[in-house]
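# Fold and contact review
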Amino acid sequence: MASDPLTEPAVRPRPAVRVRRHGDLWLLGPVAVAYAVAQLLLAVPGTGLGWDETVYVSQVSRDAPAAFFSAPRARGISYLVAPVAAFTPSVTVLRIHLALLSSGALLLSLWLWRLLLPTPVLALAGALFAGLWTALSYGPQAMPNLWVAFGSLMAVGCFLRAARAPGDRRALAGLCAATALAALMRPADALWLALPLVCASAVVPQWRRPALPAAVAVGAVLGGASWAVEAELRHGGILARLHRAGEIQGGLGWHPAFGDHLRALGGRTLCRPCDVPWSHPVTGLWWLALPVLVAGGLAVAHRGGPGPWRTLLVPTAAALSVAAPYLLFVGYAAPRFLLPAYALLSLPVAYCLARVFASARGRPLVLTGLCLALAAHFALQLAITAGVGARSRATAAAFTAVAAELRAQGLRPPCLVSGAEAVRTGFRTGCASRQLLGGHDGSISAAGLVRLARTTPTAVLVAGGAPPPPWAARWRPHDLPALPGLPGYRAYLAPSARAVPAPAR
């Protein structure tokens, strides 16, 4: 009689690990390879840097001045892209670098769980998470949220391994390193991740060992140290930086955003304000089914005893913790915010689906229906990924045209850009981007900008037919190629920006 993979022991004996190590790799490796291939085909070719990406990459780029770095940001993702951005301006090379790194991080994240859950369950969990359009689209992007997801998955896995095997020093080191990774990318997310882990080490009697919360705390401190130092040096302290970060995010308060996140699943990378109609309900079906599948996974694990149940309860609690601030206290939606929660919840979901598929054996119609439903889900996610990539390519082409037009009008480095879409336009043109004081990226006064414009080629960009600022009213206007969402895009160029004469025919 064949054994049920869901009834395997939560922690396998060491000899069994040696025997099955290659089998684990053969199951988990193809998931990571498929993730890399999907990114390289759908999310890499021709796509340009988004606004947030431009800020992060500009910090380490050799070809453009660094954009203003506002209070909510952390520099972890800039460190990750530095080996490429410091040597080449190619966005394609940067995308390939991140696609391969994220695929390797997925494999490592699943590999660390192989002593805790059956390998087929882990392979399914990896496919479910990596198959989401958010994971596919952000895999090759210079954005921190996906790396918080990998750090969270690694941290919870290492926590459970260290909790169940007190002599496993490598698991403790992994817990510290994974928590540091999450904190390096987004310190606030790391604190929400640490909270349920510290609580679990206090609640479960067998896990009450000082080494567990100590490893979490040391990792959080190490990863968040650069953010804290910068807070003291540039923002007036940690509390002042947190307060400013909350202001930039619209003010943190009671703002349930479940509906916003549901509407954003159709491919919106940012829904702010999210007052758009829910025009494609089919894209949110999996999100509505998620609580049911998580509850089903926990129920199946509970019947298997305290070991499997705790193994799934801890990542579920961690997922709810990291998702709570974005679902309850931020009044808009960006699907990338919930990537850490999706990564952790993929484990109980896969556990539930594995049981469902196992119970459907011997019933061809039911099994076929389940396979078709899963295939339709993946096909829809791939289609949304393709749509997001197409929009990014169109935006990249538009910014390339704008940059070429501005250079022809005399905006050549060293130069300065302010106004609408100054960050991306400036980066493409090789110029610094400076915004007036009062906004969240404010870094210069109007008088200071005017002084710089006397000697530095400067452009102020306006959109939608809006008039220029009073101090730029006499600057030379020049219509620019349209940008997505910005009709009537126009530059007002200071006298220091002299147009390049057209070549004689």
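Preceding this paragraph is the structure being described.
This report concerns the structure included in the present document. (Residues numbered from 1 in each chain as written. Predicted model: local features only at pLDDT ≥ 70, side-chain atom pairs only at ≥ 80, totals over all residues. Heavy atoms only, no water.)

### Some remarks on the layout of surface pockets
Defined as follows: Whether a set of points on the 1 Å grid over the protein atoms alone is a cavity depends on a 1.4 Å probe fitting there but being unable to get out, while an open set qualifies as a pocket with protein on both sides within 12 Å along at least five of seven lines; lining residues are those with an atom within 4 Å of a point. Grid points are joined across faces, edges and corners, and a volume is the space filled by probe spheres set on the points. Numbering goes from the N terminus for both helices and strands, where a helix is a DSSP run of H or I of at least four residues and a strand is a run of E of at least two. Gly counts as polar in this scheme, as do all residues outside two lists: the nonpolar Ala, Val, Leu, Ile, Met, Phe, Trp, Tyr, Cys and Pro, and the charged Asp, Glu, Lys and Arg.
What the second largest pocket holds in volume is close to 660 Å³. Lining the second largest pocket are 29 residues, and of these Pro187, Ala188, Asp189, Trp227 and Leu242 lie nearest its centre. Counting only elements with at least two residues in the lining of the second largest pocket, the list comes to α8 (169–185), α9 (187–203), α10 (211–234), α11 (238–248) and α14 (306–328). Ranked by residues supplied to the lining of the second largest pocket, first place goes to α9 with 6 residues. Split into classes, the residues belonging to the lining of the second largest pocket amount to 23 nonpolar, 3 polar and 3 charged.

### Some words on the state of the cysteines
Note the following rule: The definition used for a disulfide is geometric: two cysteine sulfur atoms within 2.5 Å. For every residue, the accessible area (1.4 Å probe, protein chains only) is compared with the maximum for its type, and the residue is labelled buried under 20%, exposed over 50%, or partly exposed between those bounds.
Taken as a whole and assessed by the stated rule, the structure comprises 2 disulfides. Put simply, Cys271 and Cys274 are joined by a disulfide, and their sulfur atoms are 2.0 Å apart. Its S-S torsion of about 80 degrees marks the bond between Cys271 and Cys274 as right-handed, since a negative value means left-handed. In this structure Cys271 comes out as buried when scored by relative accessible area, which is 1%. Owing to a relative accessible area of 7%, Cys274 belongs among the buried residues under this scheme. The disulfide bridge from Cys415 ends at Cys431, spanning 1.9 Å between sulfur atoms. Between Cys415 and Cys431, the disulfide has an S-S torsion of -85 degrees and is therefore left-handed. Taken together, the residues Cys415 in the loop between α16 (364–408) and β1 (416–419) and Cys431 in the loop between α17 (422–429) and β2 (432–433) connect sequence positions 16 residues apart. For Cys431, a relative accessible area of 2% puts it in the buried group.

### Some thoughts on α10
Here is the rule we go by: By this rule, a helix spans an expected 1.5 Å times one less than how many residues it contains. We call two residues in contact when some of their heavy atoms are within 4.5 Å.
Here α10 contains 24 residues, and its C-alpha end-to-end distance of 34 Å stays within 8% of the 34 Å for a straight helix at 1.5 Å per residue. Looking only at α10, the buried set comprises Leu212, Ala215, Val216, Gly219, Ala220, Gly223, Gly224, Trp227, Glu230 and Ala231. Where α10 is buried, its residues contact α7 (145–164), α8, α9 and α11. Following α10 by one or two positions, Gly236 has its phi on the positive side, about 80 degrees.

### Re the side chain of Arg241
Selection rule: Polar contact is defined as a pair of N or O atoms within 3.5 Å, subject to the rule that within protein one atom must be able to donate a hydrogen and the other to accept it, and that residues adjacent in sequence are counted only when both atoms are side-chain atoms.
Tracing the backbone shows Arg241 in helix α11. In terms of polar contacts, Arg241 uses its side chain to reach the backbone carbonyl oxygen of Ala71, at 2.9 Å. Each residue touching Arg241, except ones within four places of it in the same chain, is listed here: Phe69, Ser70, Ala71, Arg73, Trp227, Glu230, Ala231 and His235.

### Comments concerning the environment of Arg209
By the element assignment, Arg209 lies in the loop between α9 and α10. Arg209 gets classed as buried once you look at its relative accessible area, which sits at 18%. Apart from residues no more than four positions distant in its own chain, Arg209 is found in contact with Ala162, Ala163 and Pro166.

### Things to note about the packing of aromatic side chains
What counts is decided by this rule: Geometry of aromatic contacts follows a simple scheme: Phe, Tyr and Trp rings, the Trp one being its six-membered ring, pair when their centres are within 6.5 Å, and the pair is stacked under 30 degrees between planes, edge-to-face over 60, tilted otherwise. Remark: a charge is flagged as sitting over a ring if the NZ atom of Lys or the CZ atom of Arg is within 6 Å of the ring centre and within 35 degrees of the ring normal.
For the structure on display, the rule yields 9 aromatic pairs. Residues Tyr326 and Phe337 carry aromatic rings whose centres are separated by 4.6 Å and whose planes lie at 25 degrees to one another, so their mutual orientation is stacked. Remark: Phe337 occurs in the loop between α14 and α15 (339–359) and Tyr326 occurs in helix α14; sequence separation between them is 11 residues. Here Tyr326 and Phe337 have matching classes, each one buried. Ring pairing ties together the aromatic residues Phe129, Trp147 and Phe150, which thus form one cluster. A cation over an aromatic ring shows up here: Arg73 above the ring of Tyr56, its NZ or CZ 5.2 Å from the ring centre. Positioned above the aromatic ring of Phe69 is the side chain of Arg75, whose terminal nitrogen or guanidinium carbon lies 4.0 Å from the ring centre.

### Examining the sheet that holds β1
The condition is simple: Here, a strand pair is defined by DSSP locating no fewer than two bridges between the strands. Between the N-to-C directions of two axes lies an angle of 0 to 180 degrees, each axis being a line fitted to C-alpha atoms and, for a helix, fitted only over the stretch in contact.
Ordered in space as β2-β1-β5-β7-β6, the 5 strands form an open sheet in which the pairing is mixed. In the strand order of this sheet, the two ends are held by β2 and β6 (476–479), each with one partner. Each of β1, β2 and β5 (458–462) is contacted by α17, which is oriented at about 165 degrees to β1, the strand it contacts most.

### A word on the pairing of β1
One face of the sheet, then the other: side chains in a regular strand alternate in exactly this way. The condition is simple: The handedness rule is simple: strands pointing away from the viewer, and a clockwise path from the first strand over the helix to the second, make the crossover right-handed.
As paired strands, β1 and β2 are joined by 2 bridges and run parallel to one another. The residue of β2 that forms the bridge with Leu416 is Ala432. One crossover worth recording links β1 to the parallel β2 by way of α17, and it is right-handed. Direction of pairing for β1 relative to β5: parallel, over a ladder of 4 bridges. If you follow Leu416 over to β5, its bridge partner there is Thr458.

### Examining empty space enclosed by the protein
On inspection of all chains with the given rule, the structure shows 4 cavities of 30 Å³ or more. What the largest cavity holds in volume is close to 50 Å³. Lining the largest cavity, in full, are Thr54, Ser58, Pro65, Ala67, Val423, Gly426, Phe427, Cys431, Ala432 and Ser433. Breaking the lining of the largest cavity down by element, the ones donating at least two residues are α2 (51–58), α17 and β2. Residue composition of the lining of the largest cavity, by class: 6 nonpolar, 4 polar and no charged.

### Quick notes on the environment of Gly485
If you trace the backbone, Gly485 turns up in the loop between β6 and β7 (490–493). On the accessibility criterion, Gly485 (74% relative accessible area) is exposed. Sequence spacing of Gly485 and Gly464 is 21 residues, and the spatial spacing of their C-alpha atoms is 9.3 Å.

Honestly, it's all geometry; don't read function into it.
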